[in-house]
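# Remarks on the overall topology
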Amino acid sequence: MAEPFDAVELIRRKRDRGELTTDEIRWLVARYTDGFVSDEQMAAMTMAIFLNGMQRREILDLTRAMIDSGERLDFSSLSKPTTDKHSTGGVGDKITLPLMPLVASFGAAVPQLSGRGLGHTGGTLDKLESIAGWRAELTNEELLRQLEDVGGVVCAASADLAPADKKLYALRDITGTVEAIPLIASSIMSKKIAEGTGALVLDVKFGSGAFMRDPERARELAETMVRLGSDAGVNVSALLTDMNTPLGLTIGNANEVRESVEVLAGGGPADVVELTVALATEMLDLAGIRDVDVAAHLRDGQAMDVWRRFIEAQGGDPDATLPEPRESHEVRADRDGVVTRQDAYDFGLAAWRLGAGRARKEDPVVHAAGIDLAVKPGDTVRRGDLLYTLHTDDASRFDRALEALDGALDLGDAAPEPAPLIVDRIRDAR
């Protein structure tokens, strides 16, 4: 049987700023997934999209086609409303760890299907695998049962969830088209909609340590994804958040777990607490759970109870000793002053060079590697005061990590103007 469409014709039309029909997009995604449309042809199409964009209807069609390439989870059997969060990634971004138990402690179900780190941004699954025995792989039956019994789950997404996105993402990664907003938005939202959650809050970051450095580009991405959710019948909102400075005082894996437990115990750094509470409030509101004091709930220990049950349900020991580094190196202030800048990208790159991240998906991570920060922007230091400590299992890694940190932290004579962590909330992006 002859094919209804021709890939070259579709590429030419998008190259010339034309629109693709719903049927053309569905055919293109399905035939690329099964191998009929070649990588070379889809690479040309992604570059045409990168250069010329897509209309709102085209992005929705692309998202739906990627959802239809695999399975779609169904949470309708649960007795609780489902609500989820997705972050576009950053440095020190351990928010999922305290957030999921906090939201679940209010009676919502949180199906947090997460990923691994690549490059300077960390992965939630890598962090949790610092805990002895904890496992990321769950069957759909285990996932459903845990959502009902515990209220939350953090696990790896099934390979059957939006497989077209997995194939397309790998292609974008090697063709310079990762930053195309229609492709980013459809990639994120196809997985989240296929996941089956009833409500979704997006943490869209901008700044040096974020995927989108420019705040206006980050806003455009947030608005595109909120529109996609609305068009697909999912209740979606987005917070636009600053990622010029690392979140919290830890960057790595095991040390970020340790800090997350501190937050669940009612302590932890103010910025991590602020973002956790804001995202939890938004998730609960979208799920119909309102007029609750989220900050007080975080302090009273109920979220910690859910954390312990969640870790145990996935084979982990919440009381296990976390991995400790074999080698550490302290960096101290060479003058008196005030911390005026702490570059998130540079610190993320340094943690990656210490072994906390990976260059390829198949690389292992060193769970004890990373950086502990002793100061944040606005803090006053004296000469000789500790600024940060590097951790690794291989001392030969220190030199390259320190190279990445050359100029990453500035000391000045006056405190900088404090920048808000949460810049905007986007719900109705028409």
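Whatever comes next refers back to the structure up there.
Figured I'd write up the structure that's included with this text. Think of each chain on its own: its residues are numbered from 1, step by step along the sequence as written. The predicted nature of this model means local features are confined to residues of pLDDT at least 70 and side-chain atom pairs, given and counted, to a pLDDT of 80 or more, with totals for whole chains, interfaces and linings taken over all residues. As a rule here, side-chain values come from all non-hydrogen atoms in the structure, and water together with hydrogens is ignored.

## Things to note about the sheet that holds strand β12 (residues 409-412)
Pairing is antiparallel in the open sheet, where three strands are placed in the order β10-β8-β12. Each edge of the open sheet carries a strand with a single partner, namely β10 (380-381) and β12. Inspection of the sheet shows strand β8 (residues 337-342) paired to β12 by four bridges, in the antiparallel sense. Looking across to β12, one finds that V338 is bridged to G412. When DSSP locates at least two bridges between a pair of strands, those strands are taken to pair. Where helices and strands are cited, they refer to DSSP runs of H or I of at least four residues and of E of at least two residues respectively, numbered from the N terminus.

## Description of the pattern of salt bridges
By definition here, a salt bridge exists when the distance from a side-chain nitrogen of Lys or Arg to a carboxyl oxygen of Asp or Glu is within 4 Å. By the definition in use, this model includes 32 salt bridges. Residue K14 is joined to E58 by a salt bridge in which the shortest nitrogen-to-oxygen separation is 2.9 Å. Taken together, the residues span a long stretch of sequence, with K14 in helix α1 (residues 7-15) and E58 in helix α4 (residues 56-67) at a distance of 44 residues. Note on accessibility: K14 and E58 belong to one class, buried. Between E259 and K94 there is a salt bridge, and its shortest N-O distance comes to 2.7 Å. Residue E259 is located in helix α11 (residues 254-264), and its partner K94 is located in the loop between β1 (84-87) and α5 (96-104); the two are separated by 165 residues in the primary sequence. Partly exposed describes any residue whose relative accessible area lies between the buried limit of under 20% and the exposed limit of over 50%, with all areas from a 1.4 Å probe on protein chains only and scaled to the type maximum.

## Here's the deal with helix α3 (residues 39-52)
Take the number of residues in a helix, subtract one, and multiply by 1.5 Å to get its expected span. Taking 1.5 Å as the rise per residue, α3 with 14 residues should run 20 Å; its terminal C-alpha atoms sit 20 Å apart, in good agreement. Along α3, the residues that are buried comprise M42, A43, M45, T46, A48 and I49. Here, two residues are considered to be in contact whenever any of their heavy atoms come within 4.5 Å of each other. If you follow the buried residues of α3, they end up packed against α1, α2 (22-33), α8 (163-173) and α9 (181-195).

## With respect to a nonpolar patch on the surface
Within the patch definition used here, like charges are joined within 9 Å and nonpolar side chains (Val, Leu, Ile, Met, Phe, Trp, Tyr) within 5 Å, considering only residues with over 30% relative accessible area and no salt bridge. Note that accessible areas follow from Shrake-Rupley with a 1.4 Å probe, and for residues the cover is restricted to the protein chains shown. Together, M47, F50 and L51 give the surface a local cluster of nonpolar side chains, amounting to about 270 Å² of exposed area. Tracing the backbone through its elements, the reader meets F50 in helix α3.

## Looking at unusual backbone geometry
Notably, R17 is not glycine yet its phi reads approximately 70 degrees, a positive angle. Considering the arrangement of structural elements, one finds R17 in the loop between α1 and α2. Although it is not a glycine, D291 sits at a positive phi angle of roughly 60 degrees. Relative to the elements of secondary structure, D291 occurs in the loop between α12 (270-286) and α13 (294-299). A residue is classified by how much of its surface remains accessible, and D291, at 83% relative accessible area, is exposed.

## What to know about α1
In an α-helix, one full turn covers 3.6 residues, which means residues spaced three or four apart are oriented alike. What α1 keeps buried is the set A7, L10, I11 and K14. The buried residues of α1 all sit within an arc of 100 degrees when viewed along its axis, so they share a single face. Residues of α1 that are buried make contact with α2, α3 and α4. Of the residues trailing α1, R17 is marked for its positive phi of about 70 degrees. For this quantity, the arc is that covered by the directions from the helix axis to the C-beta atoms.

## Considering the packing of aromatic side chains
Working definition: rings of Phe, Tyr and Trp (its six-membered ring) pair if their centres are within 6.5 Å, and the pair is stacked with planes under 30 degrees apart, edge-to-face with planes over 60 apart, and tilted otherwise. A full pass over the atoms with the stated rule returns five aromatic pairs. Ring centres of F347 and Y388 lie 5.1 Å apart, and the angle between their planes is 85 degrees; on these two criteria the pair is classed as edge-to-face. Of this pair, F347 sits in helix α15 (residues 344-356) while Y388 sits in strand β11 (residues 386-392), placing them 41 residues apart in sequence. The exposure class of Y388 is buried, given its relative accessible area of 5%. Across the ring face of Y345, the terminal group of R213 is positioned such that the distance to the ring centre comes to 5.1 Å. Charge over a ring is defined by NZ of Lys or CZ of Arg lying within 6 Å of the ring centre and within 35 degrees of the ring normal.

## Observations concerning the side chain of R353
Within the secondary structure layout, R353 lies in helix α15. Note on charges: Lys and Arg go in the positive column, Asp and Glu in the negative column, and His and the chain ends are not counted at all. Buried charge without a partner: R353 forms no salt bridge, and the closest opposite charge is E403, 4.2 Å away. When neighbours within four sequence positions are excluded, R353 is seen to be in contact with R397, R400, A401, E403 and A404.

Treat this as a map of the structure, not an account of what it does.
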